[in-house]
Amino acid sequence: MIQRQLRIIKSEKANNIFTFTASTSTEDRYGDVIEQGSKSWALQNYEQNPVVLFNHNALSMPVGKGIVEATDDSLIIDIEMDTGDPIGAELARKMDAGFLHAVSVGFRPIEVTDRSKLPKEHKAYGTRGRYFTKSELLEVSLVTVPANGEATAIKSLNEQIEQQIKTLIRGELLTVPSLQLRHILSVEETEDKIVVSFAKIKEEIEE
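What comes next is a walk through the structure. (Residues numbered from 1 in each chain as written. Predicted model: local features only at pLDDT ≥ 70, side-chain atom pairs only at ≥ 80, totals over all residues. Heavy atoms only, no water.)

Section: the packing of aromatic side chains
Consideration 1: Using the criterion set out here, one finds 2 aromatic pairs in the structure.
Consideration 2: With 6.0 Å between their ring centres and 85° between their planes, Trp41 and Phe107 make a pair best called edge-to-face. Of this pair, Trp41 sits in strand E5 (residues 41-42) while Phe107 sits in strand E9 (residues 103-114), and the two are 66 residues apart along the sequence. In this pair, the class of Trp41 matches that of Phe107, namely buried.
Consideration 3: With centroids separated by 5.2 Å and ring planes inclined at 85°, the aromatic side chains of Phe107 and Phe132 adopt a geometry described as edge-to-face. (Phe/Tyr/Trp six-rings, centres within 6.5 Å; stacked < 30°, edge-to-face > 60°. Helix = DSSP H or I, 4+ residues; strand = E, 2+ residues; numbered from the N terminus. Buried < 20%, exposed > 50% of the residue type's maximum accessible area, 1.4 Å probe, protein only.)

Have a look at this one:
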């Protein structure tokens, strides 16, 4: 299993659910690039066992469970912490207070090639590292020390304000169960209104 601790593009919290962008196609510290998208991530097995660990410790009990969604440019996960467990509750407190804000994906490569063997005009071409074109997600972990050097990057003031708006709007709408909404995809401001785009929750098929 390969573990990649990646930069969090966004994080928000609503009703004890923490949302992260856990994986992107940005080159990591190892020089590797992970292709994103629904055809690049195999998620079926993870969806049947959606464990969230702490620091990739598979010998310990899960600290939460996740709902993942592969978009065109990232892997998004909603993490529901197990606050009935002392460790899960403490980790949730640290995330809520801003002391813990990094995640890492553990995955099995399905299709991979050296970046140096790609055509030079390819978007993932590089002199080092590998290009993972298809991967099976095995687990997602909360981590204390991410491998990506950008993991502790400070958000700009505009990003902080935008995140507060997203969290506020999400918290209000989640009180209406009939809306059945999940991830906030975008927040667009025009002269006379603010447009918030959500991803719908996929309907479960009853057997």
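Past the structure itself, the notes keep going.
Quick look at the pairing of strand E7 (residues 64-70)
Regular strands place side chains that alternate from one sheet face to the opposite one.
Consideration 1: Along E7, 5 of the 7 residues are buried, which leaves the element largely enclosed by surrounding structure.
Consideration 2: As paired strands, strand E6 (residues 51-54) and E7 are joined by 2 bridges and run antiparallel to one another. The residue of E7 that forms the bridge with Val52 is Gly64. (Pairing = 2+ DSSP bridges.)

Examining helix H2 (residues 86-97)
Consideration 1: Over its 12 residues, H2 extends 16 Å from the first C-alpha to the last, a length consistent with the 16 Å expected when each residue adds 1.5 Å.
Consideration 2: Contact partners of the buried residues in H2: strand E3 (17-24), E6, strand E8 (74-81) and strand E10 (130-142).
Consideration 3: The residue sitting at the N-terminus of H2 and contributing the capping side-chain oxygen is Asp85; that oxygen lies 3.0 Å from the backbone nitrogen of Ile87.
Consideration 4: Looking at the residues trailing H2, positive phi occurs at Gly98, about 90°. (Expected span 1.5 Å × (residues − 1). Contact = heavy atoms within 4.5 Å. Polar contact = N/O pair within 3.5 Å; in protein donor to acceptor, adjacent residues only side chain to side chain.)

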